[in-house]
Amino acid sequence: MAVVHPDFYRHEHLVRKSIQIPLTQHQELKALAMELDSSLGDVVETIMELMRRDNYQQLRQAILQKREQALSSLTHSLDEAYAYLGSLPETLEEARFYFEAGREGIVA
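Residues numbered from 1 in each chain as written. Predicted model: local features only at pLDDT ≥ 70, side-chain atom pairs only at ≥ 80, totals over all residues. Heavy atoms only, no water.

1. A few points about the packing of aromatic side chains
- What the rule picks out here adds up to one aromatic pair.
- With 5.3 Å between their ring centres and 75° between their planes, Phe 97 and Tyr 98 make a pair best called edge-to-face.
- Classification of Phe 97 as exposed rests on a relative accessible area of 54%.
- Note on Tyr 98: relative accessible area 58%, which makes it exposed. (Phe/Tyr/Trp six-rings, centres within 6.5 Å; stacked < 30°, edge-to-face > 60°. Buried < 20%, exposed > 50% of the residue type's maximum accessible area, 1.4 Å probe, protein only.)

What follows is the structure, encoded as structure tokens:
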């Protein structure tokens with residue numbers, strides 16, 4: 001995730017905010033800048049401007065889709081874990097026992 005810092009620096013008679021970008025994304029953006037024969041700052045500013053023009057709709061949709069995929073994967077993993085635990089009755093009984101014992105300890 002990019003982090004915008006409040007400090008400013010001057011570059012080619014323009015005032016720009018400095019942005020801290022994680023290493024992986026920085027390398028990808030730097031490669032894109034080289035491919036486009038441009039500076040990293042120009043690439044980031046252009047991406048931001050395009051997102052502003054689009055009113056961030058595509059960005060919102062991409063973030064929501066990414067979250068849904070992560071939640072779907074997590075839900076699937078939890079379902080598999082519950083199915084496995086459900087196949088072992090003694091494990092469920094032990095879990096129930098420790099849960100109730102812990103709950104009684106908290107309440108008492």
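2. Some thoughts on the nonpolar core
- By size, the foremost hydrophobic cluster in this structure holds five residues: Ile 21, Leu 29, Ala 33, Val 43 and Val 44.
- Contributing elements (two or more residues each) for this core: helix 1 (23–35) and helix 2 (40–53). (Core = buried A, V, L, I, M, F, W, Y, C linked by side-chain atoms within 4.5 Å. Helix = DSSP H or I, 4+ residues; strand = E, 2+ residues; numbered from the N terminus.)

3. What about unusual backbone geometry?
- At Asn 55, a residue that is not glycine, the phi angle is positive and equals roughly 60°.
- For Asn 55, the location among the structural elements is in the loop between helix 2 and helix 3 (57–86).
- Phi is positive for Tyr 56, which is not a glycine, with a value near 65°.
- You can see Tyr 56 is positioned in the loop between helix 2 and helix 3.
- Among the residues examined, Tyr 56 registers a relative accessible area of 26% and is labelled partly exposed.

4. Focus: the environment of Val 43
- With respect to the helices and strands, Val 43 occurs in helix 2.
- Relative accessible area serves as the criterion here: at 5%, Val 43 is assigned to the buried category.
- Spatially, the C-alpha atom of Val 43 lies 7.8 Å from that of Leu 32, the residues being eleven residues apart in sequence.
- In contact with Val 43, not counting residues within four places along its chain, are Leu 29, Leu 32, Ala 33, Leu 36 and Ser 38. (Contact = heavy atoms within 4.5 Å.)

5. Comments concerning helix 1
- Here helix 1 is 13 residues long and its end C-alpha atoms lie 18 Å apart, about the 18 Å a rise of 1.5 Å per residue gives.
- Residue Asp 37 follows helix 1 closely and has a positive phi angle near 55°. (Expected span 1.5 Å × (residues − 1).)

6. Structural notes on the packing of helix 1 against helix 2
- One way to put it is that helix 1 packs onto helix 2 with a least axis distance of 8 Å and a crossing angle of 100°. Between helix 1 and helix 2, the angle falls in the class roughly perpendicular. On the side of helix 1, the interface is formed by His 26, Leu 29, Lys 30, Leu 32 and Ala 33, while helix 2 contributes Leu 40, Val 43, Val 44 and Ile 47.
- Looking at the contact of helix 1 with helix 2 residue by residue, the classes come out as seven nonpolar, one polar and one charged. (Axes fitted to C-alpha atoms, helices over the stretch in contact; angles between N-to-C directions. Parallel < 35°, antiparallel > 145°, perpendicular 65-115°, else oblique. Nonpolar A, V, L, I, M, F, W, Y, C, P; charged D, E, K, R; others polar.)

7. Regarding the confidence of the model for the chain
- Per-residue pLDDT for the chain has a mean of 79; in total, 81% of the residues score no lower than 70.
- Ranking the elements of the chain by mean pLDDT puts strand 1 (residues 3–11) last, at 48, and helix 1 first, at 89.
- Every residue in residues 5–10 scores below 50 in pLDDT, and together they form 15 contacts with partners more than four places removed in sequence or on other chains. (pLDDT = per-residue confidence, 0-100.)

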